[in-house]
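Spelled out from the first residue to the last, the chains are:
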Amino acid sequence: MKVLVFIDQAEGHVKKSSYEALSYGANVATLVGGEAVGVILGEVKDDLTSLGKYGVKTIHQVQSSSLNNVDAQVYAKTIADAVSAVGASIVVFSHNQTGKAVAARVAARLKAGLVAGAVALPKVSNGFTVKKSVFSGKAFANVSITSALKVISLNPNSFNIQLVEGTATVQPLAIEVTASKVTVKAVNKVTGEIPLTEADIVVSGGRGLKGPENWGIILDLAKTLGAATACSRPVGDAHWRPHHEHVGQTGVQVAPNLYIAVGISGAIQHLAGVNRSKVIVVINKDPEAPFFKAADYGIVGDCFEILPKLTESIKRLQAKG
Ligand SMILES: Cc1cc2nc3c(=O)[nH]c(=O)nc-3n(C[C@H](O)[C@H](O)[C@H](O)COP(=O)(O)OP(=O)(O)OC[C@H]3O[C@@H](n4cnc5c(N)ncnc54)[C@H](O)[C@@H]3O)c2cc1C
């Protein structure tokens, strides 16, 4: 039985979330007594053979420049064709932006059962049941897939990558790529920033910062840590920060290793976008702020005093090596 893992890339570089998906797919393959293989679309600059350390021996590449940018419809058709060409029974995506747009389309094309937002390996002793997060991470559901073909998208940061020895072989996959039905006229990219959804560390500010003129302390901490910056929705709505930084139920959903929330109360709609972070640090002057209940570490105090000291301490530590 083959497990096909979709490897997401941007500008020729494999996205971090794909490593987790590959390792997850390799473990699914072990569970079902099969083999995990990868599929990547478009032209790639990275050395794909090194992805063998995530547990896949073969990576199929559909190397067409028309696949360099994600078009969900074209990607879905190409991946569905790859599933047939490779003879896979289980398809794994990361539940990132691409995965959210493509996995359901692939499932529809293949008439496969889909679990979107899986958080654990499937249970295969009696059927095929996958645990997924529901209600913005407030609860879990165990979903059985009964179809022969199965599609799973894995919530980022919910599976511990397991490294193995070995390299992968890259094999070109000849699949006819259909023309896109849309034309991208222009792409206005935010440059010089770490993309929020890919960041390991996110420093996020809320209304407690009082105004855009005070954002220097957030930016300093973020720069020191090599972190991306984010904000609560009212901060985006008030144009203190650009809208693409707004995280939460109605904004970007993030799952970094470390999320530092500064002057953010922790409303349920905010938590919905950040509660998959591995470690949450909350800095708030109100000890009753709801965010502390979701925090791994909390500092009660004035962010205008704490943040500069925190940044200085980190810089001192970094200087010591
Ligand atoms: C349908 C719907 C969808 C929504 N979607 C989102 C969403 O996606 N994302 C989102 O963020 N919100 C969302 N909201 C809004 C959400 O309900 C909250 O209103 C919002 O998250 C509050 O933002 P905040 O924590 O920055 O501000 P506030 O609630 O005003 O909290 C500010 C916090 O800063 C603290 N503070 C003040 N001064 C300091 C200081 N000097 N030092 C340290 N701490 C200080 C205060 O104690 C307080 O806890 C949504 C609401 C609705 C109704």
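Residues numbered from 1 in each chain as written. Predicted model: local features only at pLDDT ≥ 70, side-chain atom pairs only at ≥ 80, totals over all residues. Heavy atoms only, no water.

J.: Quick question: what am I supposed to make of the overall build of the chain here?
T.: Each helix and strand counted, the chain has eight helices and 16 strands in total. Here the C-alpha atoms of the chain give a radius of gyration of 21 Å, agreeing with the 20 Å that 2.2 N^0.38 yields for 321 residues. Each principal axis of the C-alpha atoms in the chain carries an extent, and together these give about 60 × 45 × 40 Å. Relative to its 321 residues, the chain shows a buried fraction of 48%. Within the chain, contacts between residues at least 6 apart in sequence are counted, and of these 64% link residues at least 24 apart. If you sum the accessible surface of the chain, you get close to 15700 Å²; carbon and sulfur atoms cover 52% of it. Positive and negative side-chain charges of the chain, numbering 32 and 24 respectively, have mean locations separated by a distance of 6 Å. (Helix = DSSP H or I, 4+ residues; strand = E, 2+ residues; numbered from the N terminus. Rg over C-alpha atoms; globule rule 2.2 N^0.38 Å. Buried < 20%, exposed > 50% of the residue type's maximum accessible area, 1.4 Å probe, protein only. Contact = heavy atoms within 4.5 Å. Areas by Shrake-Rupley, 256 points an atom, 1.4 Å probe, with all protein chains shown as cover. Lys, Arg positive; Asp, Glu negative; His and termini not counted. Charge placed at Lys NZ, Arg CZ, Asp CG, Glu CD.)

J.: It is not clear to me how the domain arrangement of the chain should be interpreted in this structure. Could you clarify?
T.: How big an interface is tends to be reported as the loss of accessible area on association of its parts. The domain architecture assigned to the chain consists of domain 1 (2–172) and domain 2 (196–320). The C-alpha centroid of domain 2 is placed 31 Å from the C-alpha centroid of domain 1. Contact residues are listed per partner, giving eleven residues for domain 1 and twelve residues for domain 2. Here domain 1 and domain 2 share an interface that buries about 980 Å² over both sides, 38% of which is from carbon and sulfur atoms. Counting the surface domain 1 buries against domain 2, the share from its top three residues, Lys16, Ser136 and Asn157, is 52%. Joining domain 1 to domain 2, the criterion identifies one salt bridge. Between Lys16 and Asp200 there is a salt bridge whose closest N-O contact spans 3.0 Å. (Domains from an automatic or database assignment. Buried area = accessible area lost by both parts, 1.4 Å probe. Salt bridge = Lys/Arg side-chain N within 4 Å of Asp/Glu carboxyl O.)

J.: Is there a simple way to think about the site of the ligand in this case?
T.: Around the ligand, a shell composed of 26 residues is seen, among which Arg207, Ser232, Thr250, Ser265 and Asn284 lie nearest. Separating a nitrogen atom of the ligand from a backbone N or O atom of Val247 is a distance of 2.9 Å. Between the ligand and Thr250, the relevant distance is 2.7 Å, taken from a nitrogen atom to a side-chain nitrogen or oxygen of the residue. Relative to its unbound accessible surface of 990 Å², the ligand loses 77% to contact with the protein. Going through the elements one at a time, α5 (233–237), α6 (268–274) and α8 (303–320) are the ones with two or more residues in the shell around the ligand. Its residues assigned to classes, the shell around the ligand shows six nonpolar, 14 polar and six charged. (Near = heavy atom within 4 Å. Polar contact = N/O pair within 3.5 Å; in protein donor to acceptor, adjacent residues only side chain to side chain. Nonpolar A, V, L, I, M, F, W, Y, C, P; charged D, E, K, R; others polar.)

J.: Is there a simple way to explain the environment of Gln73 in this structure?
T.: Of note, Gln73 is situated in helix α2 (residues 72–86). Judged by its relative accessible area of 40%, Gln73 falls in the partly exposed class. Separated by 29 residues in the primary sequence, Gln73 and Val102 have C-alpha atoms spaced 7.4 Å apart. Residues within four places of Gln73 in sequence aside, it is in contact with Arg105 and Lys181.

J.: What is the right way to read the pattern of salt bridges from this model?
T.: Side chains that differ in sign of charge can pair as their charged atoms come close. For the structure on display, the rule yields six salt bridges. A salt bridge links Asp237 to Arg233; the nearest nitrogen and oxygen atoms lie 3.3 Å apart. You can see Asp237 and its partner Arg233 sitting in helix α5, four residues apart, about one turn around the helix. The exposure class assigned to Arg233 is partly exposed, which follows from its relative accessible area of 41%.

J.: What is the right way to read the side chain of Ser133 from this model?
T.: You can see Ser133 is positioned in strand β8 (residues 129–134). Residue class for Ser133 comes out buried when judged on its relative accessible area of 18%. Not counting residues up to four positions away in its chain, the partners in contact with Ser133 are Gly117, Val119, Ala139, Phe140 and Asn155.

J.: Where do I start with the packing of helix α4 (residues 216–225) against α8 in this structure?
T.: Packed helix pairs are specified by the crossing angle of their axes together with the interaxial distance, meaning the distance between the axes. Between α4 and α8, the least distance of the axes is 10 Å, while the angle of their chain directions is 20 degrees. Taken together, α4 and α8 sit at an angle that is classed as roughly parallel. The two elements α4 and α8 meet at a crossing, and its hand is left-handed. Where α4 approaches α8, its residues Ile217, Ile218, Asp220, Leu221, Thr224 and Leu225 are matched on the opposing element by Cys303, Phe304, Leu307, Pro308, Leu310, Thr311, Ile314, Lys315 and Gln318. Looking at the contact of α4 with α8, its residues break down into ten nonpolar, three polar and two charged. (Axes fitted to C-alpha atoms, helices over the stretch in contact; angles between N-to-C directions. Parallel < 35°, antiparallel > 145°, perpendicular 65-115°, else oblique. Left-handed = near helix turned anticlockwise from the far one by under 90°.)

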